[in-house]
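For reference, the chains in residue letters:
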Amino acid sequence: MATNNGGTDPISHLPETVMGHILSLLTMKEAVATRVLSKKWIQFWENHFLLLHHLNFDSSHFRTRNQTLFMDYVDHVLHLRGPIDIDKLTLKYHEFRHDDLPRVSHWIHHAASRCHMKKLELEIHHVFPHNLPRPDPVWFPADVFSGCSSLVELKLNNDFVFDVPPPTLPCLKVLHVDVRQPNINFLNCLFGCSPVLENLSIYGELPFDDDIGFRFEISVPTITTLKIELASPDDFEGCSEHNFNIQTPNLQFLTIQDQIFACYVIPELPSLVEANVGIGPDSRFINNGDISEEEALRVMLVLKGIRHARSLTLWETATAALGHAFDDFGPLPKFPNLLRLDLCIDSCYGWKLLPHFLTNSPNLEFIKMDKQVPFVDEGEAAIVPDEVTYGWDQPGARPFCLGLNLKEIQMKSLWRSGDEEDVLRYLLWNSMVLETMVINFSEDALEGELDDEDMIDIEDFPRVSERRTGLGWAKSKFQWKKLMGCIDGAKSV
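What counts as what
- Residues numbered from 1 in each chain as written.
- Predicted model: local features only at pLDDT ≥ 70, side-chain atom pairs only at ≥ 80, totals over all residues.
- Heavy atoms only, no water.
- Pairing = 2+ DSSP bridges.
- Helix = DSSP H or I, 4+ residues; strand = E, 2+ residues; numbered from the N terminus.
- Axes fitted to C-alpha atoms, helices over the stretch in contact; angles between N-to-C directions.
- Parallel < 35°, antiparallel > 145°, perpendicular 65-115°, else oblique.
- Left-handed = near helix turned anticlockwise from the far one by under 90°.
- Contact = heavy atoms within 4.5 Å.
- Nonpolar A, V, L, I, M, F, W, Y, C, P; charged D, E, K, R; others polar.
- Buried < 20%, exposed > 50% of the residue type's maximum accessible area, 1.4 Å probe, protein only.
- Phe/Tyr/Trp six-rings, centres within 6.5 Å; stacked < 30°, edge-to-face > 60°.
- Lys NZ or Arg CZ within 6 Å of the ring centre and 35° of its normal.

Visitor: Is there a simple way to explain the sheet that holds strand E11 (residues 243–246) in this structure?
Guide: Across a sheet, paired strands are connected by hydrogen bonds in the backbone, their directions being either parallel or antiparallel. Read from one edge to the other, the open sheet built from 3 strands follows the order E9-E11-E13, with strand pairing classed as parallel. The outermost strands of the open sheet, each flanked by one partner alone, are strand E9 (215–218) and strand E13 (263–265). Neighbour-to-neighbour, the strand axes of the sheet open up by a mean angle of 15°, direction not taken into account.

Okay, here's the thing in structure tokens:
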């Protein structure tokens, strides 16, 4: 390294206050690397290590993957710090072996009981041959979290098991669990032993197996945010046997992105602000008959539980299942509080749900419809939707929201087809207080098949703002936006 004229390195002459400030800004990996800068820095690093409030131990930072060196390093750091408070401990241990468990457990217990750790992130991977089944979860001894009264955030990035007698985690507010081969009894106990839990996230991959059905019991009245994202390591084989019983009366934000079609029991959530739902792999499996009407009812039951939401997003997997179950299992529920709706127009049932959402959402102010492009398998033509189930069937009477509340409509990824023209005409003619409409055409939709003069002349469609109504002249300005290639304009009336 460069030196000054006196032959000594310039870092050794930095004031300790400056060195301390530099160290406080570094990550764990960067802080360790500073030990090679100078002899003075080595001593300073050891004396001032307490300035790091986030301890991030990652065995992959050791180039040779020398696990003994990594474990000795963690021991050394924790010994240097002693009982100094830790804001967050991140431990990522690759090539974990069962014999390492006592030392790893000691690290966690030390941080929890002596250093008043507030946040903990764990990711520990077993050493096992790739051709063998996944190993069992990492089992910690019963006392690993004893005395852990300060932990407010826990993130488990793979399957773990530890004893959680109540109230082991009395201050825990944020919990993230990554599930692949979960011990369901442990997880349900963990949920129940977190009396002030507010934010719960469940991620992972669960198998399709008729003999395996995990039942998640989420019964925590303090939860306000719940996110469930599930995938499968295998190809879709039909609805899974996994169940989620969600008893969270104060829930405000719910996200379900589920590719395995699990079953959800959700009583009505009166405090719900926002719901984002996608259940199933994609709508092709509805179109191919891989899911029955009765199985599709699972999504209808979810919809009934979240009907008090103010904002609702339904992905194409959910709308296809709802369209599949709609005729046989009754009407859609009422949405008395719904102000914003993001609705995917799936390639199976198209506009089937739209008139019912408009009719059942009297306070709706904003709606966005994103039309799904037809599926195209390689070497095959696009799947053509069935006109009987796909086309627009307008409501018998103008929905209340169109008369008094709906101010903005967005229509995305249109194909320039006749069914779209029917919907556009109806909405423009019946939306009494509409202020803004945004129309976007898919770049790939029928590319090259239509000339400009053959396109639907949307700007000539009659609008309610151009006619006299029983409520008098529409006074709001109508902003027109049409997006397709270079077309982008606005028109006021």
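Visitor: What exactly am I supposed to notice about the packing of helix H8 (residues 293–305) against helix H9 (residues 316–326) here?
Guide: For any two helices packed against each other, the geometry is given by the interaxial angle and the distance between the axes. Across the interface, H8 lies against H9 with an axial gap of 8 Å and an inter-helix angle of 115°. Comparing their axes, H9 and H8 come out roughly perpendicular. For the element pair H8 and H9, the recorded crossing hand is left-handed. Only Ala318, Ala321, Leu322, His324, Ala325 and Phe326 of H9 make contact with H8, whose side of the interface consists of Glu293, Ala296, Leu297, Val299, Met300 and Leu303. Here the contact of H8 with H9 is built from residues that sort into 10 nonpolar, 1 polar and 1 charged.

Visitor: Which parts of the structure should I look at to understand unusual backbone geometry?
Guide: Most peptide bonds are trans, and most residues other than glycine sit at a negative phi. Notably, His116 is not glycine yet its phi reads approximately 50°, a positive angle. Inspection of the secondary structure puts His116 in the loop between helix H5 (101–113) and strand E3 (119–126). Of the residues examined, His116 reaches a relative accessible area of 41% and is grouped as partly exposed. Unusually for a residue other than glycine, Ser413 sits at a positive phi of about 55°.

Visitor: Honestly, helix H6 (residues 184–192) in this entry has me stumped. Any pointers?
Guide: Helical periodicity: at 3.6 residues per turn, an α-helix aligns residues three or four positions apart in one direction. Taken as a whole, H6 has its buried residues at Ile184, Phe186, Leu187, Asn188, Leu190 and Phe191. Structurally, H6 contributes buried residues whose contacts are with strand E5 (153–156), strand E6 (160–161), strand E7 (174–179), strand E8 (199–205) and E9.

Visitor: Explanation requested: the packing of aromatic side chains in the structure shown.
Guide: In this description, a pair of aromatic rings is defined by centroid distance and the angle of the planes. Overall, the coordinates contain 8 aromatic pairs when judged by the stated rule. Note on Phe216 and Phe244: the rings are 4.4 Å apart at their centroids and 0° apart in plane angle, and the pair reads as stacked. Of this pair, Phe216 sits in strand E9 while Phe244 sits in strand E11; the two residues are 28 residues apart in sequence, bridging distant segments of the chain. Residues Phe244 and Tyr264 carry aromatic rings whose centres are separated by 5.2 Å and whose planes lie at 15° to one another, so their mutual orientation is stacked. Taken together, the residues span a long stretch of sequence, with Phe244 in strand E11 and Tyr264 in strand E13 at a distance of 20 residues. Each residue in the set Phe70, Tyr93, Phe96 and Trp107 is aromatic and connected to the rest through ring pairs, giving one cluster. Positioned above the aromatic ring of Trp415, the side-chain terminus of Lys371 is 4.0 Å from the ring centre.

Visitor: What is the right way to read the packing of helix H4 (residues 67–81) against H5 from this model?
Guide: For the pair H4 and H5, interaxial distance at closest approach is 11 Å and the crossing angle is 25°. Overall, the two elements H4 and H5 adopt an arrangement that is roughly parallel. At the point where H4 passes H5, the crossing takes the left-handed sense. Where H4 abuts H5, its residues Phe70, Met71, Asp72, Val74, Asp75 and Leu78 lie against Arg103, Trp107 and His110.

Visitor: Sorry, what's going on with the environment of Asp85 here?
Guide: Tracing the chain through its elements places Asp85 in the loop between H4 and strand E2 (88–96). For the pair Asp85 and Arg114, spaced 29 residues apart in sequence, the C-alpha to C-alpha distance is 7.8 Å.

Visitor: Help me understand the environment of Ile223, please; the structure alone is not making it clear to me.
Guide: When you line up the elements, Ile223 lands in the loop between E9 and strand E10 (225–231). Residue Ile223 is classed as buried on the basis of its relative accessible area, which comes to 0%. Note: C-alpha distance between Ile223 and Gln252 (29 residues apart in sequence) is 8.3 Å. Dropping the residues within four chain positions of it, Ile223 is found in contact with Leu197, Glu198, Leu200, Ile218, Thr248, Asn250 and Leu251.

Visitor: Help me understand the pairing of E5 in this model?
Guide: Side-chain direction in a regular strand flips from residue to residue, so the side chains alternate between the two faces of the sheet. Residues Leu154 and Leu156 of E5 are buried on one face, while the alternating residues Glu153 and Lys155, pointing to the opposite face, are not. Sheet topology note: the E5/E7 ladder contains 4 bridges and is parallel. Note on E7: the bridge partner recorded for Leu154 is Leu175.

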